[in-house]
Amino acid sequence: MSAPSTKPVVTEREAREVAEAAREQDWRKPSFAKELFLGRFRLDLIHPHPMPPEEDARRGEEFLAALRDFCETKVDGALIEREARIPDDVVAGLKELGAFGMKIDTKYGGLGLTQVYYNKALALVGSASPAIGVLLSAHQSIGVPQPLKLFGTQEQKEKFLPRCARTDISAFLLTEPDVGSDPARLATSAVPDGDDYVLDGVKLWTTNGVVADLLVVMARVPRSEGHKGGITAFVVETDSPGVTVENRNAFMGLRGIENGVTRFHQVRVPAAHRIGPEGAGLKIALTTLNTGRLSLPASCVAAGKWCLKIAREWSAAREQWGKPIAHHEAVGSKISFIAATTFALEAVLDLSSQMADENRNDIRIEGALAKLYASEMAWLVADELVQIRGGRGFETAESLRARGEKAVPAEQVLRDLRINRIFEGSTEIMHLLIAREAVDAHLSVAGDLIDPEKSLGDKAKAGANAGVFYAKWLPKLVAGPGQLPNSYSEFKREVDLSTHLRYVERTARKLARSTFYAMSRWQGRMETKQGFLGRIVDIGAELFAMSAACVRAELLYTTEAHGREAYQLADAFCHQSRLRVEELFGRLWNNTDDQDRKVVKGVLSGTYAWLEDGIVDPSGEGVWIADATPGPSEKENVHRPVR
């Protein structure tokens, strides 16, 4: 059974309205991915590949050198995995190095690194210990520094950013025991009281929360005279009276992270610590995540690089039937997939990061696609490494070491990567989020036309606007540069990548036509077709990755000694990606969605309960969702600041 709930009762429509209100409504800058979903292949927005200024690159490389030395001499990843904790002296060393202030401006005591070098640093430290990568990214990608950078007052920046740069650890608290991706039901409250707000509620899965000194907390302010109300963001001192860390959570992977349950009981927070106006909390969170999500692809790139290294070394050393297993096609295809995919993931990450640094493009879709694609593909890469390693892939590094073999933590990487498909937006939520942005142009002109609650007058007006838009847009989806054999000829070297870019251009138009047809067919029911929308987004992700891979290959060809090899990897990736795209297109209209819905109804009604006979359930006793009723804590405070 479920625990008693104090969550606001909201309808499906009200929940959607809350999420819609939090979106950035305008597109003030161009977006490569948005144009791609509209059938317009704007290669000019990403090619030539943007590059960091020389001074930024110099400072970034200097820090990476120092961080590499620290990781090699001070970090014992096996110890962190074994003890499920990052040693305090390692945290202290990272503070001394400035790693907690990588993204904070130098005038506040930070390093002021670019997004490109911040992500390179996360990839480097994450390869030594993924738990450290999470510690640093949760602190400054979504913790106090980033929201204050974007929305904080000058006084808030001067007060909190120097602390975050050198001494204090921060965390971001949104999720609650019964609230995940549906923030309309957020129950933590912040009641105005004079010059303060009084916080009450419980937050779950507070990464860094166990050791954090500062928290970004999302809470609901009730509407009252002089108060707009709504979900609002606050900076909260963790040592404030009434803040209790009630539990340090443990997981299948990332065993060294400090993730907990935090209760607020009558916690007084000065109004001066409110970030932005009342009701702007979700918009602040979503805007922060536009670039904050890029920290996950960084960890995925690091994992891909490590998987490639182990696959190469192991497959050359391990022999079966008279030759190294790499020379057997069944294994070789997996190695090719790992190498090509790692190249593409790094291409997507670096391109998105550099675009974020330049700030001339809107990258809300690119950042989301990077997170979605990297988390899914890196998991497949790690799974293939485990398969290549065979029984040794399933065996722990400690067990391998104990019997005298190289301690390769392949199974740990698989466990550590699994969460990336869930947190900061699960794959399913990312599909819906990206799909909403991808069809924004359609809804802007035809939204009222398919809204059942709009009047006939509104529908007539929307119909006229839609007619004008589609009369101009649809003819442009018929033909384009992708049908001309000499298009993108600058990408034709010893290996010809121009053919892949022509494919991307043609396929982007096909994708846009498919989206338009679906909207015409389902209209207002389009939002319920989550399987279809997910495939549309996955096709767009593949096209974005192919574009990034080709552009990166050309950059490396003109600037690096291994440009020829980069072209080979990009070519292999694009061939593999095109097969996935064609399969996804086939599944747009030929799938099991209808049958699946029928089975789900049967499962939930108990029709198939007989299928569960013949087992015992090892689950322990307890409620499905823990009671989060506001009130004083009855548990020991396990908050553990690192000093």
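Preceding this paragraph is the structure being described.
The model shown is predicted, which means the values in this text are computed figures rather than measured ones.

Quick word on helix H5 (residues 88-97)
Okay, step 1: Of the positions making up H5, those classed as buried are Val 90, Val 91, Gly 93, Leu 94 and Lys 95.
Okay, step 2: Buried residues along H5 sit against helix H3 (54-74), helix H7 (130-142) and helix H9 (154-166).
Okay, step 3: Gly 98 sits one or two positions beyond H5 and adopts a positive phi of about 95 degrees.

Some words on the environment of Lys 305
Okay, step 1: Along the chain, Lys 305 falls in helix H11 (residues 295-317).
Okay, step 2: What makes Lys 305 partly exposed here is its relative accessible area of 40%.
Okay, step 3: Remark: the alpha-carbon pair of Lys 305 and Phe 343, spanning 38 residues in sequence, is separated by 8.7 Å.
Okay, step 4: Apart from the residues within four sequence positions on either side, Lys 305 is in contact with Thr 342 and Glu 346.

Regarding helix H21 (residues 530-559)
Okay, step 1: Its 30 residues give H21 an end-to-end C-alpha distance of 43 Å, which sits within 8% of 44 Å, the value for a rise of 1.5 Å per residue.
Okay, step 2: Of all 30 residues making up H21, 24 are buried, and the element is well covered by its neighbours.

Some thoughts on the pattern of salt bridges
Okay, step 1: Applying the stated criterion across every chain, the model contains 44 salt bridges.
Okay, step 2: Glu 72 is the partner of Arg 68 in a salt bridge, and the nearest nitrogen-oxygen pair spans 3.6 Å. On the criterion of helical spacing, the pair formed by Arg 68 and Glu 72 is a turn pair, its members being four residues apart in helix H3.
Okay, step 3: Given the relative accessible area of 44%, Arg 68 is considered partly exposed.
Okay, step 4: Glu 72 sits in the exposed class, given a relative accessible area of 59%.
Okay, step 5: The partner of Arg 82 in a salt bridge is Glu 398, with the nearest N and O atoms 3.2 Å apart. Linking Arg 82 in helix H4 (residues 77-83) with Glu 398 in helix H15 (residues 397-402), this pair joins segments that are 316 residues apart in sequence.
Okay, step 6: Taking relative accessible area as the criterion, Glu 398 reaches 36% and is therefore assigned partly exposed.
Okay, step 7: Through salt bridges with shared partners, a single ionic network connects Arg 85, Asp 88, Arg 248, Glu 258 and Arg 640.

So, the state of the cysteines
Okay, step 1: Summed over the entire model, instances satisfying the criterion amount to zero disulfides.
Okay, step 2: Cysteine Cys 71 is unpaired, with the sulfur of Cys 307 as its nearest cysteine sulfur at 18 Å.
Okay, step 3: Given the relative accessible area of 7%, Cys 71 is considered buried.

So, the packing of aromatic side chains
Okay, step 1: Summed over the entire model, instances satisfying the criterion amount to 14 aromatic pairs.
Okay, step 2: Relative to Tyr 488, the ring of Phe 41 lies with its centre 5.7 Å away and its plane at 75 degrees, an arrangement referred to as edge-to-face. With Phe 41 in the loop between helix H2 (32-37) and H3 and Tyr 488 in the loop between helix H19 (456-473) and helix H20 (498-522), the pair connects residues that are 447 residues apart, well separated along the chain.
Okay, step 3: Taking the relative accessible area as the measure of exposure, Tyr 488 reaches 13% and is therefore buried.
Okay, step 4: Every member of this aromatic cluster is reached through a ring pair, and the members are Phe 32, Phe 41, Tyr 488 and Phe 544.
Okay, step 5: Against the face of Trp 379 rests Arg 418, its NZ or CZ located 5.4 Å from the ring centre.
Okay, step 6: Positioned above the aromatic ring of Tyr 503 is the side chain of Arg 578, whose terminal nitrogen or guanidinium carbon lies 4.2 Å from the ring centre.

Focus: the nonpolar core
Okay, step 1: In terms of nonpolar packing, the biggest core is built from 132 residues, with Met 102, Ile 132, Leu 369, Phe 491, Leu 543 and Phe 573 touching the most fellow members.
Okay, step 2: By residue number, the principal contributor to this core is H21, which donates 16 residues.
Okay, step 3: When residues no more than four places from it in sequence are discounted, the contact partners of Phe 573 are Ala 340, Thr 341, Ala 344, Tyr 373, Glu 542, Ala 545, Met 546, Ala 549 and Arg 580.

Parameters and conventions
- Residues numbered from 1 in each chain as written.
- Predicted model: local features only at pLDDT ≥ 70, side-chain atom pairs only at ≥ 80, totals over all residues.
- Heavy atoms only, no water.
- Buried < 20%, exposed > 50% of the residue type's maximum accessible area, 1.4 Å probe, protein only.
- Helix = DSSP H or I, 4+ residues; strand = E, 2+ residues; numbered from the N terminus.
- Contact = heavy atoms within 4.5 Å.
- Expected span 1.5 Å × (residues − 1).
- Salt bridge = Lys/Arg side-chain N within 4 Å of Asp/Glu carboxyl O.
- Disulfide = S-S within 2.5 Å.
- Phe/Tyr/Trp six-rings, centres within 6.5 Å; stacked < 30°, edge-to-face > 60°.
- Lys NZ or Arg CZ within 6 Å of the ring centre and 35° of its normal.
- Core = buried A, V, L, I, M, F, W, Y, C linked by side-chain atoms within 4.5 Å.

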